[in-house]
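# Structure at a glance
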Amino acid sequence: MNVPTNLKYAKTDEWVKVEGNVAIIGVSDYAQSQLSDIVYFEFKVDPGDTVSKDQSVATLESVKAAADVNAPVSGKVVELNQSLTDQFEVINSDPYGAAWMMKIEMSDPSELDALMDAAAYEAYCQERGH
Amino acid sequence: MTEPTIYELSSPGRVGVRYPQPDVPLAELPQDLVRQDLPLPELSELNVIRHFMHLSHLNYSIDSGFYPLGSCTMKYNPKINEEMARLPGFAYTHPLQPIETVQGNLALMYELQEYLKEITGFDAVTLQPAAGAQGEFTGVMIIRAYHKSRGDSKRTKILVPDSAHGTNPATSAMSGYEVVHIPSDSRGNVDIEALRAACDETVAGLMLTNPNTLGLFEEQVVEVNRIVHEAGGLVYGDGANLNALLGIARPADLGFDIMHINLHKTFSTPHGGGGPGSGPVAVKAAFKEFLPGPIVEVLEEGDEELPPVFGFYQPTQSIGRVKAFHGHFGMMVRAYTYISIHGAEGLRKVSEYAVLNANYLLARMRGTYKVPYDRICKHEFVVEGVWDDAPEVHALDIAKRLMDYNFHPPTNYFPLIVREALMIEPTETETKQTLDRFADVMLKIAEEAHQQPELLREAPHSTPVGRLDEVKAAKELVLCCWLPEEAKN
Amino acid sequence: MYTPHTDSEREEMLKVIGVPSIESLFADVPAEYRFPRLNLPEPLSEMEVAAQLQELASINETTRDLICFLGAGAYNHYVPAAVDAILRRGEFYTAYTPYQPEVSQGTLQAIFEYQSLIANLTGMDASNASHYDGATATAEAAVLAYHHFRGKRTRFVVSPSVNPQYRAVLRTYLNGYENLEVIGDDVEKPFETAEDLLPLVDANTALVIVQYPDFFGRIQDLTDFAQKVHESGALLTVVVNPLALALFKSPGEMGADIACGEGQPLGIPLSYGGPYLGIFATKKDYVRKMAGRLVGETTDKEGRRGYVLTLTAREQHIRREKATSNICTNQGLMALAATVYMSLLGKTGLRQVAELCYHKAHYTAQQINQIPGFEVDLKTPFFHEFVVKCPDSVEEINEYLLDNGILGGYDLSNDYPALKNHMLLAVTEMNTREDIEILCEALKEYSHD
């Protein structure tokens, strides 16, 4: 399981990369492996929308399951990775790179403090994986 | 063994049915509106018959073998039902005919409403909903309309136990409610304390399946319903499992306010490869005026000489239509036939034997398969399809292996509260011999799971196709075919 | 009978279970409510039931006893014998939803072929495995549009010439959502055309719904209209009679996003209103948003072609409260009927039936228009149904017709107060020239009396 150390993680398996005031988000390697082959990806917000922490902002589907992607932080959606709608395979193959999902301009950067660092997230995944 | 599609069997210029030539002068066609291409296949009648006969041979069905699909009540569909629904007097009536020309239809619908009221204990019935899911929708919309009619707008939640039927959460959501899940206790009942804690003035109602999807009778059902009523909520009964209760208990007596009934489960109308179903909704008197209309009523009482005159009644505070016309009339004829053949005594026997058969299978499988909530079950039961000492094998593998022994698999992976669930509903129409054969095979498969797990992992071995690539289907999404010259890339 | 145990088998089974009696299997049912006495008629033998139902059925007057000119959403067509021969196969009608594809390839391939035929007929990219009927399919189109715009567009513009029952069902379905507006279907202006709706279509409009042929039987080219609807970003649903599409331009060709409608004309008996078949097809952008079952083609490990239910993660049993519809089943057997019917008739037969309907309806309309007191609009193109302006109430005329063995048309004043004395007449391939002449004679006599 790949857990890059430069990212922060939410309990619902999203990762966050902070660039200044902007949070780039996606889902973790653990999340994609639990879902297995992704067959559908859909955004539930548009650029310009204001989202609040834990709001569902996108949906992932595999053959047997569906999962929500929740905003790990509040703020304004400034960019969506539109290519994912067609090329959702990269969520399985490159979850931390090509499969970034959206950029959110944070309204309350202190929300980042509630997220886990790589070590804590790895432990959290192992605990669930038994 | 695969069958070509009708498009692959097509030959340009071939004709399957001949129609008469026009016997009136031809009218001019509006040329700018006329369609230029019509890419449909062209086959002879025998082509068509053989094609669909071949397809039929690729299906498993109740008529060909045991079909213990939990929660679906795959009982025998008597042949007489089919004959009756096709009587020309029924089959060739138009839904908008004047009521005086369809008194036979209305009499049948009225009697069926009365029978369903008697069987469930409710006071009014609509036959309009097309299926169980639509019956649920109707029921929850009635809950909504009821609270609204009282000016009570703070009720925004529907409670759904985790052992409820799978559609319940989606139904609540599409009716505009927030869903609150209520856990089960260690005996598989609704957790009373959790229910009490969730019940407040924001609760619109509870959707309760009884027996629940574990096949267990809700032991405190009366108390559960009382708690919801005390909080001002209504109780919706999911009638999917009514096959356990005919002549055993009437849901209205147990405190339910509204319930749907699946004619295609309990009353033997065929499942048709996935429909048409039929999902009448029964309610207590207080909710009659919210029903989708029209419903059939007696307009003029009959006497010794004349039969009653039947007509339609439009409820005054109706939630509105949920479907065009009067519902699935053809299914009503079948259910009416079934109830007439059984009478009160026969219906009680249906439920008694459905429960006897389930408990018999459970007794034979117990010990080999883990039974998570082990007590006397009703018409179905749930076991775990997994063993700690055979970790490679899953419920899905057991399901697939059953096909090699010529049985339809049980429902798997539902309910979600049981690990690797196998949900088994034998129904009352099976003989002891069939049940024994099935039990023997289940025990044999358990043995195989431990000794030759690959036999299960690779199963089925004897079906027209093996396990199919579902990821490919979802990714490539080929949903239709075209004639060769129309084929698109 | 259908409960097969002998007494000795029952005793053996109880012994294995370890309970003394069947009654003891119900100890968990509250005693005061256990084993109620049901007041139902005494059980009958199959023979007696058959006689009783035959008796009930014979009370009805049918479209075989009467000459039928009634349509308004359900149509009297000929169903070739081969259709029912296939429907009576137990392998089809006693199977359930094909959850286990290895033993359900028959049902799955038949649905796949149904999806193909409907996509081709409607000119759309894909069809689902069907909805309950035309009315619920129309409502599901609105639900799709609502979710497509994620609830941000809240206006639904509906033509008054969409079947009144469909509009009623649409409103029931949308009642579960807050703050949606359904407008446009002013029943005081029944004959408004599609273009008359355009002023209502704005940037907040999710969906526009029109019918083709409309409830009054009229057809018009919707190509320009579709373009104008799309200019405001809204989606367009066209409610169709599939039989008309064998003769006239498809909604796909005219630019519709969704085509839905009632599939009953495709080989399904009238059966007093059901079960029928809800057709639902879309352009490819909306395929993944369609509610209901979908069958897709794939292969097994050995590369053999096969079919499975696909995109199931959208559905209620996985999505639970996040699913956009609670639909579980489709109208499987009715979809099979339509598939067999379309396969039998094929390209030539289907077109032929549509043309027969067209010519006979036009002949009838012309003849009626010549009867003093009766009036038909012959200028607006129509398919096989048309509005007749009558000298008296439709109820009275229909009574007279019924006395003469004719099932008259639909009384439009039921739904459109402005259409007092207006009758909607349908003519199909089942009506012979003689039938039409009998109708015209009766109307003439009526206007003379």
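Here, the structure is the one placed above.
Summary of the structure given here. Since we're looking at a predicted model, the values are computed, not measured.

### Quick look at the overall build of chain A
Counting secondary structure elements, chain A contains three helices and nine strands. Counting helices and strands in the order they occur from the N terminus, chain A gives β-β-β-α-β-β-β-β-β-α-β-α. Computed over the C-alpha atoms, the radius of gyration of chain A is 14 Å, within 12% of the 14 Å expected from 2.2 N^0.38 for a compact globule of 130 residues. Considered along the principal axes of its C-alpha atoms, chain A spans approximately 35 × 35 × 20 Å. Here chain A holds 130 residues, and the buried ones make up 37% of them. For chain A, the proportion of contacts with a sequence separation of at least 24, taken over those separated by at least 6, is 62%.

### Some remarks on the overall build of chain B
Looking only at helices and strands, chain B has 13 helices and twelve strands in total. The C-alpha radius of gyration of chain B comes to 25 Å, within 12% of the 23 Å expected for a compact globule of 489 residues. C-alpha extents for chain B along the principal axes are approximately 75 × 70 × 45 Å. If you take every contact in chain B between residues at least 6 apart in sequence, the share linking residues at least 24 apart comes to 74%.

### Considering the interface of chain C and chain B
Listed by partner, the interface residues are 170 residues for chain C and 167 residues for chain B. The leading source of residues in the side of chain C that touches chain B is helix α11 (residues 332-369) of chain C, at 23 residues. Partitioned by chemical class, the residues of the side of chain C that touches chain B number 80 nonpolar, 57 polar and 33 charged.

### Some words on the packing of helix α10 (residues 395-404) of chain B against helix α11 (residues 432-451) of chain B
Residues and elements named next belong to chain B. Contact geometry for α10 and α11: axes closest at 10 Å, N-to-C directions at 125°. It follows from the interaxial angle that α10 and α11 lie oblique. Considering the relative orientation of α10 and α11, their crossing is right-handed. For the pair formed by α10 and α11, the contact residues are I398, R401 and L402 on the first element and V441, I445 and E448 on the second. By residue class, the composition of the contact of α10 with α11 is four nonpolar, no polar and two charged.

### A closer look at the sheet that holds strand β10 (residues 381-384) of chain B
All names here are of chain B. Read from one edge of the open sheet, three strands run β10-β12-β11, paired in antiparallel fashion. For this open sheet the edge positions go to β10 and β11 (411-412), each flanked by a neighbour on one side alone. For β11 and strand β12 (residues 421-424), the ladder comprises two bridges, and the chain directions are antiparallel. Bridging from a neighbouring strand, T411 pairs with M423 of β12.

### Quick look at the pairing of strand β5 (residues 234-238) of chain B
Residue and element names in this part refer to chain B. Buried residues dominate β5, accounting for five of its five residues. The pairing of strand β4 (residues 203-209) with β5 spans five bridges and is parallel. Bridge pairing in β5 places T209 opposite D238. Between the parallel elements β4 and β5, the chain passes through helix α8 (residues 221-230) in a crossover that is right-handed. The pairing of β5 with strand β6 (residues 258-260) spans two bridges and is classified as parallel. The residue of β6 that forms the bridge with Y236 is I258.

### Re unusual backbone geometry
Looking along the chain, the bond that leaves G275(B) and enters P276(B) is cis, with omega of 0°. Here P276(B) is to be found in the loop between β6 and β7 (281-283). Residue G293(B) is joined to P294(B) through a cis peptide bond whose omega torsion reads 0°. Positionally, P294(B) belongs in the loop between β7 and β8 (295-300). In the Ramachandran plot, D13(A) falls in the positive-phi region, its phi being about 75° despite a non-glycine side chain. Relative to the helices and strands, D13(A) resides in the loop between β1 (8-9) and β2 (14-19). Phi is positive for S71(B), close to 80°, though the residue is something other than glycine. Along the chain, S71(B) falls in the loop between α1 (45-57) and α2 (79-85). Residue classification places S71(B) among the buried residues on the basis of 22 C-beta atoms within 10 Å.

### A look at helix α5 (residues 132-149) of chain B
All names here are of chain B. For α5, with 18 residues, the first-to-last C-alpha span of 25 Å sits near the 26 Å given by 1.5 Å per residue. When you tally the buried positions in α5, you get 14 out of 18 residues, the bulk of the element. Looking at the residues trailing α5, positive phi occurs at G151, about 70°.

### Considerations on the sheet that holds β4(B)
Residues and elements named next belong to chain B. With respect to topology, seven strands assemble into an open sheet ordered β1-β7-β6-β5-β4-β2-β3, the strand pairing being mixed. Unpaired on one side and paired on the other, β1 (124-126) and β3 (178-182) mark the two borders of the sheet. Strand-to-strand twist in this sheet, taken as the mean axis angle between neighbours without regard to direction, amounts to 20°. Pairing analysis gives five bridges linking strand β2 (residues 157-161) to β3, with the strands arranged parallel. Bridge pairing links P161 to I182 in β3. Packed onto the sheet, α5 meets β2, β4, β5, β6 and β7 and runs at close to 165° relative to β6.

### With respect to helix α4 (residues 103-120) of chain B
All names here are of chain B. Between its first and last C-alpha atoms α4 spans 26 Å; for 18 residues at 1.5 Å apiece the expected length is 26 Å, and the two agree. Buried residues dominate α4, accounting for 13 of its 18 residues. After α4 finishes, the residue G121 shows a positive phi value of roughly 85°.

### As for the environment of R167(C)
All names here are of chain C. Among the secondary structure elements, R167 is positioned in helix α7 (residues 164-174). Judged by C-beta crowding, with 25 C-beta atoms within 10 Å, R167 ranks as buried. Along the chain, R167 and T136 lie 31 residues apart, while their C-alpha atoms are 9.7 Å from each other. Not counting chain neighbours up to four residues away, the residues in contact with R167 comprise V158, V162 and D185.

### Quick look at the environment of L401(C)
Residue and element names in this part refer to chain C. Position of L401 among the secondary structure elements: in helix α12 (residues 394-403). L401 sits 334 residues away from I67 along the chain, and the two C-alpha atoms are 9.6 Å apart. Setting aside anything within four residues of it in sequence, one finds L401 in contact with I406, G408 and A442.

### With respect to the environment of Q100(C)
Locating Q100(C) in the fold gives a position in the loop between α4 (90-93) and α5 (105-122). For the pair Q100(C) and I258(C), spaced 158 residues apart in sequence, the C-alpha separation works out to 30 Å. Once residues within four sequence positions are removed from consideration, Q100(C) is found in contact with A399(B), H408(B) and P409(B).

### Topic: the packing of α1(B) against α5(C)
Running from N to C, α1(B) and α5(C) cross one another at 135°; their axes reach a closest spacing of 6 Å. Accordingly, the angle class assigned to the pair α1(B) and α5(C) is oblique. Seen from α1(B), the contacting residues are L55(B), S56(B) and H57(B); seen from α5(C), they are G106(C), Q109(C) and A110(C).

Procedures and definitions
Residues numbered from 1 in each chain as written. Chains lettered and ligands numbered in written order. Predicted model: local features only at pLDDT ≥ 70, side-chain atom pairs only at ≥ 80, totals over all residues. Helix = DSSP H or I, 4+ residues; strand = E, 2+ residues; numbered from the N terminus. Rg over C-alpha atoms; globule rule 2.2 N^0.38 Å. Buried ≥ 20, exposed ≤ 12 C-beta atoms within 10 Å, placed from the backbone. Contact = placed C-beta atoms within 7 Å. Nonpolar A, V, L, I, M, F, W, Y, C, P; charged D, E, K, R; others polar. Axes fitted to C-alpha atoms, helices over the stretch in contact; angles between N-to-C directions. Parallel < 35°, antiparallel > 145°, perpendicular 65-115°, else oblique. Left-handed = near helix turned anticlockwise from the far one by under 90°. Pairing = 2+ DSSP bridges. Right-handed = clockwise from strand over helix to strand, strands pointing away. Expected span 1.5 Å × (residues − 1).

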